[in-house]
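# Structure at a glance
Each chain, letter by letter, is given below.
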Amino acid sequence: MRRSVLALVAGCLIVSGCSSTVDGRAVPPGAAPVPSSGAPGPAGAPGPAPAPTNQPQDREHEAILAALRQIDPCALVDKKQLRKYDIYPDGPHACVAVNEDEYVATKAAGVKVGVSFPADARLDQKPLTVAGAKAYEARDDDACTVTIPVSFTLGIELQRAKSGTVAATCKSVRSWAKYAVGKLRKPYSVKQSAAWPLAAWDGCTLVKQSLSEPDKYTYLPDGDDDPLSGCKAEPAEGAGVEPIDFEARYEFDHELDSTAQTREIAGKKVATDDRSDTCEREWVQRLGRGDIGDTVITLEAPCTLADGLTEKIIQLAAKKPENPAKPATKLLYGPNDPDSPTTGACRNFSRGDKDCEEYQEVAPPKGYEAIAAQVQQNPHVICAVFLDGVKAKVSAKLEPVVDRERNQCIFVEPDKKIEVVTEVVPTFMKARDVAKVPLSSSQAQETQLAGKPAATFYSDDKDVYGVVVSHAGSLDDRGGLRIEVQMQAPGLDKPKVSSDLPDKINQAMTETVTKWLN
């Protein structure tokens, strides 16, 4: 839908067994259904862990939006660092530093205020502390980005196209981020002094206030060069409506599609495309002046709504939002402040908080059969089985969390350099079948640990090392224990397993087998 005026050097940055469900929770194949919270398990088995309490609360969404709308994005540009570039607005809530030559304007850097930045996007990025504020770094072959979270779902993005090496580029962006953080500590200091067209609005607030039934939709900032000025309105569950896409942008010398039909709506010349069930409307809300291009709006909506919604948006865009919230005065997070609803050790879990539960202490029985029976009811038993061995032999910093969907206990650490995945092999699986690679491959080796048949293995990329042990006389028997260490590097290629870790993992498994299976 976006027709960008600039050639962008930097590409977009990045921002697993079958199961059934009971009460919305996954149950591994072959496992007994998990009782709902608070219900007891079979006699002698611990009941399921209680749901987490006292979860961190997000900041008030409307107050954050009101604060973001007031920010002059170009005031967050470190003009000293980017002094050789031309700097101008790229939308009501975005700013670009452009290298202009005779033929093309190339984006060298940019600020986007109000990017969608949910918790799962942060997992793939490197956490930073910048001038005392929490931030995240992402990099690829073409660019480096630092995003400063301002709520559980929104952030302010600083990006530079690669200049020299990516490492050098990221160093410059981190320096730039210090400048921006300094400004954001006092949001009123970067408040727009002159009203940019549509700056009083964000895209989703404008769409929401233009709809007759706004509660039938959920809203996500979704503009291209200016995310906060775009909006994807998706149907709420069971609402029976169709999605709406909206985008406002600045574009120099914009011309409506010459092949499109046009008609006047609310005093504006509007290009229309009604060739499908979803109809498109595009118009110039306001002609450009100075460093600000034409204010262009594009709308895709069900044809039954398109014209009426266009008319309402045109009328509201000339005004200010109705009953706006009081702008938030605090936008930054400290390095230890929770910036997601995840609590405790789950904040360090690479798969995010969706399937993560804080470990609840339980007392497991001895012997594989008894342990396996309890694991079906409560996977926290896995953590209890492996806890002493992992913390004593691998690292005392590792803390257990439970992935109930995969029926695993994962030991995580604040540094996010490694994760130790532990599992009680189900009674329906052969021990040899849970290794990362076939045990006949060069990456695996059969051995014995604590007097039990065992196999060690590496993944093909050597970023995972693991051990599987049979509780019986052969790896072809069903059941056993598995442990593996997985290297982590948020936003980067994962390194190979360091030379000291295989021996530590072997020792952890040996201690676990000795304590619980022998």
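That block above? That's the structure.
No experiment lies behind these values; they were computed from the predicted model shown.

Among the nonpolar cores identified, the biggest contains 46 residues, and Leu68, Ile71, Leu76, Val111, Ile156 and Leu184 are the most heavily contacted of them. Taken together, the elements giving at least two residues each to this core come down to helix 1 (61-70), strand 5 (94-100), strand 6 (105-116), strand 7 (126-130), strand 8 (133-139), strand 9 (143-149), strand 10 (154-161) and helix 3 (166-184). It is helix 3 that contributes the most residues to this core, 8 residues altogether. Core analysis: the next-biggest nonpolar cluster, separate from the first, contains 39 residues, Val394, Leu398, Ile418 and Ala454 among them.

Two elements, strand 7 and strand 8, share 5 bridges in a ladder whose sense is antiparallel. Within strand 8, the residue paired with Val130 across the bridge is Ala133. What sits between strand 7 and strand 8 in their antiparallel hairpin is a turn of 2 residues, with Ala131 showing a positive phi close to 50°.

On to the sheet that holds strand 11 (residues 217-220). If you trace the 7 strands from one edge of the open sheet to the other, you get 11-12-13-17-16-15-14, paired in antiparallel fashion. The outermost strands of the open sheet, each flanked by one partner alone, are strand 11 and strand 14 (261-265). Sheet twist, expressed as the mean angle between neighbouring strand axes with direction ignored, is 20°. Running at roughly 50° to strand 12 (residues 230-235), helix 4 (residues 203-210) makes contact with strand 11, strand 12 and strand 13 (244-251) of the sheet. Contacts from helix 5 (residues 303-317) reach strand 11, strand 13, strand 14, strand 15 (268-273), strand 16 (278-286) and strand 17 (294-302), with the element oriented near 150° to strand 17.

Counting across every chain of the model gives 26 salt bridges. Note that Asp388 and Lys515 form a salt bridge whose closest N and O atoms lie 2.5 Å from each other. Note that Asp388 is positioned in helix 7 (residues 380-393) and Lys515 in helix 8 (residues 501-516), a separation of 127 residues in sequence. A residue is classified by how much of its surface remains accessible, and Asp388, at 37% relative accessible area, is partly exposed. Its relative accessible area of 33% is what places Lys515 among the partly exposed residues. A salt bridge links Arg432 to Glu446, with the shortest nitrogen-to-oxygen separation between them at 3.5 Å. Remark: Glu446 occurs in strand 22 (residues 444-449) and Arg432 occurs in the loop between strand 21 (418-430) and strand 22; sequence separation between them is 14 residues. On the accessibility criterion, Arg432 (25% relative accessible area) is partly exposed. Through salt bridges with shared partners, one network takes in Arg263, Asp274, Arg281 and Asp307.

Reading guide: rules and limits
- Per chain, residues are indexed from 1 in the order of the written sequence.
- Only residues with pLDDT of at least 70 are given local features in this predicted model, and only at 80 or more are side-chain atom pairs given and counted; all residues enter the totals for whole chains, interfaces and linings.
- Note: side-chain values were computed over all heavy atoms of the structure, leaving out hydrogens and water.
- What makes a nonpolar core is a set of buried Ala, Val, Leu, Ile, Met, Phe, Trp, Tyr and Cys residues whose side-chain atoms join them at distances within 4.5 Å.
- The rule is simple: take the accessible area with a 1.4 Å probe, protein chains only, and divide by the maximum for that residue type; under 20% is buried, over 50% is exposed, in between is partly exposed.
- Numbering of helices and strands runs from the N terminus; a helix is a DSSP stretch of H or I covering at least four residues, while a strand is a stretch of E covering at least two.
- Two strands form a pair only when DSSP identifies at least two bridges running between them.
- Note on geometry: axes are lines fitted to C-alpha atoms, helical ones only across the stretch in contact, with angles between N-to-C directions running from 0 to 180 degrees.
- The contact definition used throughout considers only heavy atoms, calling two residues in contact when any of these lie within 4.5 Å.
- Should a side-chain nitrogen of Lys or Arg be within 4 Å of a carboxyl oxygen of Asp or Glu, the pair is scored as a salt bridge.

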